[in-house]
Amino acid sequence: MSAYADRLIEAVRRKDTPLCVGLDPFTDRIPALFGDAREDTSAVLKFGASIIEIAQQHAAVLKPQLGLFEQFGEMGYATARLLTEQARGAGMIVLLDAKRGDIGTTAEGYARATLGPKPGFDADCVTVNPYMGLDTLEPFLSVAERASKGVAVLVRTSNPGAGDVQDLQVGGAPVWRRVGEMLSGATQRLKGVSGWSGLMAVAGATYPEEARALREVMPDALFLVPGYGAQGASAADAVAGFVTKPKGLEGGVVSSSRAVLYPQAAQAAKNMSEWRAAIGDAMAAAAAELRAACAR
Ligand SMILES: O=c1ccn([C@@H]2O[C@H](COP(=O)(O)O)[C@@H](O)[C@H]2O)c(=O)[nH]1
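Fair warning: this is a prediction, and the values are worked out from it, not measured in the lab.

(A) The pattern of salt bridges, seen in detail. Tallying each qualifying case throughout the model produces 20 salt bridges. Residue Glu53 pairs with Arg276 through a salt bridge whose shortest N-O separation is 3.1 Å. Here the residue Glu53 occupies a position in helix α2 (residues 41–58), and Arg276 occupies one in helix α14 (residues 272–295), the gap between them amounting to 223 residues. Residue Arg276 is classed as partly exposed on the basis of its relative accessible area of 33%.

This is the structure we're talking about:
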């Protein structure tokens, strides 16, 4: 199998947009058309399955937010696995947002559970938290190397409090920059023939200046950029850390969850075909807006 980075960048080029659809199930926002998600996880499964059917037309990548499935207990976990299988079966790349991070021996379990084959999730990539140190990433990197998968590392996150720790100065540079520097060996290990690495850096769209600076530190890492849409960042901000290549700007994927899952028109839909149309419109608009931002 080709390297994760090559598969990802090829899929993004084919779709001609860096849009990554986030799958974040919120019980109070899943329309009643699917059943009552507060009482029945089959409503979450039906909602997720319909989202994937539409998303596969507009985006190369799906990012299930595992925490929001885990809130439903074992059935939620099983639902996330079924949806991961559906998305991969439909040719989408699945980037599991699980934000794992623990001592090496425990991390081995997490790596098998997320990237490993059944009974693991068999996701293409998983998000990890590096703030316990490089050794905690090793099990994920080993599985990723062996199975042509990716590892997306939190470097400069999108949340308002991101700077509380990540902006602290260490030897004249912020922590997030030091983390980016620390990841250079891992980046080389997951490099594909395209020159891009499957060691992805999570760089929030809400901090475009930091994303630009991070690109200098991590020239080969594909970025996973959350924060576009519901968190207020524009398409231009979202691609700030991308790079100019002969075919225009590229360099990663931009995720959007709430803005494409729960647009107003979909919340007001009276039937399934209205809902499908509203979701399709929201995803098409996001895909086009990001495509245009990449072309500038
Ligand atoms: O820095 C980060 C890292 C991860 N996330 C996750 O991305 C989505 C964002 O959802 P939106 O509805 O598009 O705001 C969500 O799953 C977060 O857990 C992030 O926002 N920032």
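There is more to say, and it comes next.
(B) Main features of the packing of α2 against helix α4 (residues 73–89). The geometry of α2 relative to α4 is characterised by a closest axis approach of 10 Å and an angle of 20° between their N-to-C directions. Overall, the two elements α2 and α4 adopt an arrangement that is roughly parallel. For α2 against α4, the interelement crossing comes out right-handed. On α4, the residues that touch Thr41, Val44, Leu45, Gly48, Ala49, Ile52 and Glu53 of α2 are Met75, Gly76, Thr79, Leu82, Leu83, Gln86 and Ala87. Classifying every residue of the contact of α2 with α4 gives 8 nonpolar, 5 polar and 1 charged.

(C) Up close: the UniProt feature "active site" (unreviewed entry) in the protein chain. The UniProt entry lists Lys99 under the feature "active site" (unreviewed entry), expressed in the numbering used here. Mapped onto the secondary structure, Lys99 falls in strand β3 (residues 93–100). By relative accessible area, Lys99 is classed as partly exposed at 40%. When sequence neighbours within four positions are dropped, the list of residues in contact with Lys99 reads Gln65, Thr127, Val128, Asn129 and Leu154. A distance of 2.8 Å separates polar atoms of two side chains, one belonging to Lys99 and the other to Asp97.

(D) Representation of the packing of aromatic side chains within the structure. In the structure shown here, the tally under the stated rule is 6 aromatic pairs. Taking the centre distance of 6.1 Å and the plane angle of 65° together, the rings of Phe26 and Tyr262 count as edge-to-face. In this pair, Phe26 is assigned in the loop between β1 (19–23) and α2 and Tyr262 in the loop between α12 (258–261) and α13 (264–267), connecting sequence segments 236 residues apart. Classification of Phe26 by relative accessible area gives partly exposed; the value is 25%. With a centroid separation of 5.7 Å and an interplanar angle of 5°, the aromatic rings of Phe47 and Tyr262 are classed as stacked. Residue Phe47 is found in helix α2, and its partner Tyr262 is found in the loop between α12 and α13; the two are separated by 215 residues along the sequence. Taken individually, Phe47 and Tyr262 each receive the classification buried, so the pair is uniform in this respect. Counting every residue linked through ring pairs, the aromatic cluster contains Phe26, Phe34, Phe47, Tyr262 and Trp275. Directly above the ring of Phe223 sits Arg215, whose terminal nitrogen or CZ lies 3.9 Å from the centroid.

Rules of the game
Residues numbered from 1 in each chain as written. Predicted model: local features only at pLDDT ≥ 70, side-chain atom pairs only at ≥ 80, totals over all residues. Heavy atoms only, no water. Salt bridge = Lys/Arg side-chain N within 4 Å of Asp/Glu carboxyl O. Helix = DSSP H or I, 4+ residues; strand = E, 2+ residues; numbered from the N terminus. Buried < 20%, exposed > 50% of the residue type's maximum accessible area, 1.4 Å probe, protein only. Axes fitted to C-alpha atoms, helices over the stretch in contact; angles between N-to-C directions. Parallel < 35°, antiparallel > 145°, perpendicular 65-115°, else oblique. Left-handed = near helix turned anticlockwise from the far one by under 90°. Contact = heavy atoms within 4.5 Å. Nonpolar A, V, L, I, M, F, W, Y, C, P; charged D, E, K, R; others polar. UniProt positions renumbered as here; feature names shortened; annotations may be inferred. Polar contact = N/O pair within 3.5 Å; in protein donor to acceptor, adjacent residues only side chain to side chain. Phe/Tyr/Trp six-rings, centres within 6.5 Å; stacked < 30°, edge-to-face > 60°. Lys NZ or Arg CZ within 6 Å of the ring centre and 35° of its normal.

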